[in-house]
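A structural walkthrough
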Amino acid sequence: MRKAVTTKALYAGSFDPVTRGHLDIIGKALLTFDIVHVAVGTNVKKARAFGVEESQQLIVRSITERWPDEATASTDGLFGGALEVGEFTNQSLVAYSHRIGATHIVRGLREASDFNEEFNLHGVAGRIDPSILMVHFICEAPFLHVSSSTAKELDAMGEGIGWLVMPCVEQAFAARRG
C-alpha cells in the first residue's frame, strides 16, 4: 500500500504559549507530512495568557526563529506553503480536519500520563471517522518537561523561561509585565 494523495496533518492545541516542545512536534510533522496545519484552539478548562490571534503570531514568529533559513515567509507561506496556521474552535478535531482537508491528526506525547488521554482521544476520533489517521510523536528528551502551563507559572514567579520557549515568546511575556 502506498500513499496516493498529498498528506496534510492537523496539529491542534491551545499553544498558550507555543513552546520548544510544540516546535519539536511541528518539526517532526514537517518531516513526515506534505502539509502541516497548526491550529490554535481554546480550552475552556484553561485561562489564556495570550489571545488566539496573538498565539498564532507567536507560533509564526517562533517557527521563523527556530528555522530561520527554511521557514522564510514567501507568497506561498511558511516553508513554501508546507506550514499553515489557523484557528480551531467549537468543533471536533475530526470536523475541523474535514474542513481543512487534513488526512492525519498529529498529537504529541511527553510522558506516560499523556498516553491515557491520547488513547481515549484516538478511540473517539477513530469511531467518528476512521479514515483520518491519528499519529503520535514523542518529544525529544530535552522537551519532556516543557509545557505551556509551566512556562506561564515560571514566568509569573519571575523565573527565566528561555529553555521552555523561543525568545519572541519570552519578549511577549516581558511586554505583558510592562
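Here goes a summary of the coordinates provided. Just so it is clear, the structure is predicted and the values come from calculations on it, not from any experiment. (Residues numbered from 1 in each chain as written. Predicted model: local features only at pLDDT ≥ 70, side-chain atom pairs only at ≥ 80, totals over all residues. Heavy atoms only, no water.)

1. Here we look at the sheet that holds strand E1 (residues 8-13)
Two modes of strand pairing occur in sheets, parallel and antiparallel, and in both the strands are linked by backbone hydrogen bonds. An order of E3-E2-E1-E4-E5 is seen for the five strands of this open sheet, with the pairing classed as parallel. The strands lining the two open edges of the sheet, one partner per strand, are strand E3 (83-88) and strand E5 (133-138). For this sheet, the mean inter-axis angle between neighbouring strands, taken without regard to orientation, is 30°. As judged from the six bridges shared by E1 and strand E2 (residues 35-41), these two strands associate in the parallel manner. Opposite Leu10, over in E2, you have His37 as the bridge partner. Where helix H1 (residues 20-32) meets the sheet, its contacts fall on E1, E2, E3, strand E4 (104-109) and E5, and the angle it forms with E5 comes to roughly 125°. (Pairing = 2+ DSSP bridges. Helix = DSSP H or I, 4+ residues; strand = E, 2+ residues; numbered from the N terminus. Axes fitted to C-alpha atoms, helices over the stretch in contact; angles between N-to-C directions. Contact = heavy atoms within 4.5 Å.)

2. Things to note about helix H2 (residues 52-66)
Counting along an α-helix, one turn takes 3.6 residues, and residues three or four places apart therefore face a common direction. Taking 1.5 Å of rise per residue, the 15 residues of H2 would be expected to cover 21 Å, and the 21 Å separating its terminal C-alpha atoms lies within 8% of that figure. Those residues of H2 that fall on the buried side of the exposure criterion are Val52, Ser55, Gln56, Leu58, Ile59, Ser62 and Ile63. Angularly, the buried residues of H2 cover 160° about the axis, an arc narrow enough to put them on a single face. Along its buried surface, H2 packs onto H1, E2, E3 and helix H6 (167-177). (Expected span 1.5 Å × (residues − 1). Buried < 20%, exposed > 50% of the residue type's maximum accessible area, 1.4 Å probe, protein only. Arc of directions from axis to C-beta.)

3. Observations concerning the packing of aromatic side chains
Under the counting rule described, the total for this entry stands at four aromatic pairs. Taking 5.2 Å as the distance between ring centres and 80° as the angle between the ring planes, the aromatic pair formed by Tyr11 and Phe15 counts as edge-to-face. A relative accessible area of 7% means that Tyr11 is categorised as buried. Judged by its relative accessible area of 1%, Phe15 falls in the buried class. Ring geometry for Trp67 against Phe79: centres 6.0 Å apart, planes inclined by 65°, an arrangement best described as edge-to-face. A residue pair is termed long-range when its members are at least 10 positions apart, and Trp67 in the loop between H2 and E3 and Phe79 in the loop between H2 and E3 qualify at twelve residues. On the basis of relative accessibility, which here comes to 15%, the residue Trp67 falls in the buried class. Positioned above the aromatic ring of Phe50 is the side chain of Arg176, whose terminal nitrogen or guanidinium carbon lies 4.9 Å from the ring centre. (Phe/Tyr/Trp six-rings, centres within 6.5 Å; stacked < 30°, edge-to-face > 60°. Lys NZ or Arg CZ within 6 Å of the ring centre and 35° of its normal.)

4. Some details on the pairing of E2
For a regular strand, the rule is simple: side chains alternate between the two faces of the sheet. Within E2, six of the seven residues are buried, which leaves the element mostly enclosed by the surrounding structure. Taken together, E1, H1 and E2 constitute a β-α-β crossover, and its handedness is right-handed. Here six bridges tie E2 to E3, and the two strands are oriented parallel to one another. Across the sheet, the residue bridging to Gly41 is Phe88, located in E3. (Right-handed = clockwise from strand over helix to strand, strands pointing away.)

5. Considering helix H3 (residues 93-100)
Restricting attention to buried positions, one finds in H3 the residues Leu93, Val94, Tyr96, Ser97 and Ile100. On an axial view of H3, the arc spanned by its buried residues comes to 160°, and they lie on one face. Just downstream of H3, Gly101 is the residue with a positive phi angle, here 80°.

6. Let's talk about the nonpolar core
Formed by 38 residues in total, the largest nonpolar core has its most connected members in Ile26, Ile63, Leu83 and Val106. Breaking this core down by element, the ones donating at least two residues are E1, H1, E2, H2, helix H5 (148-156) and H6. Sorting elements by how many residues they give to this core places H1 first, with five residues. Those residues in contact with Ile63, other than ones at most four positions away along the chain, are Leu23, Ile26, Ala71, Leu78, Phe79 and Leu83. Formed by 13 residues, the second largest nonpolar core is a distinct cluster that contains Leu93, Ile105, Ala125 and Ile132. (Core = buried A, V, L, I, M, F, W, Y, C linked by side-chain atoms within 4.5 Å.)

Note that every value here comes from positions in space, so none of it alone points to a role or purpose.
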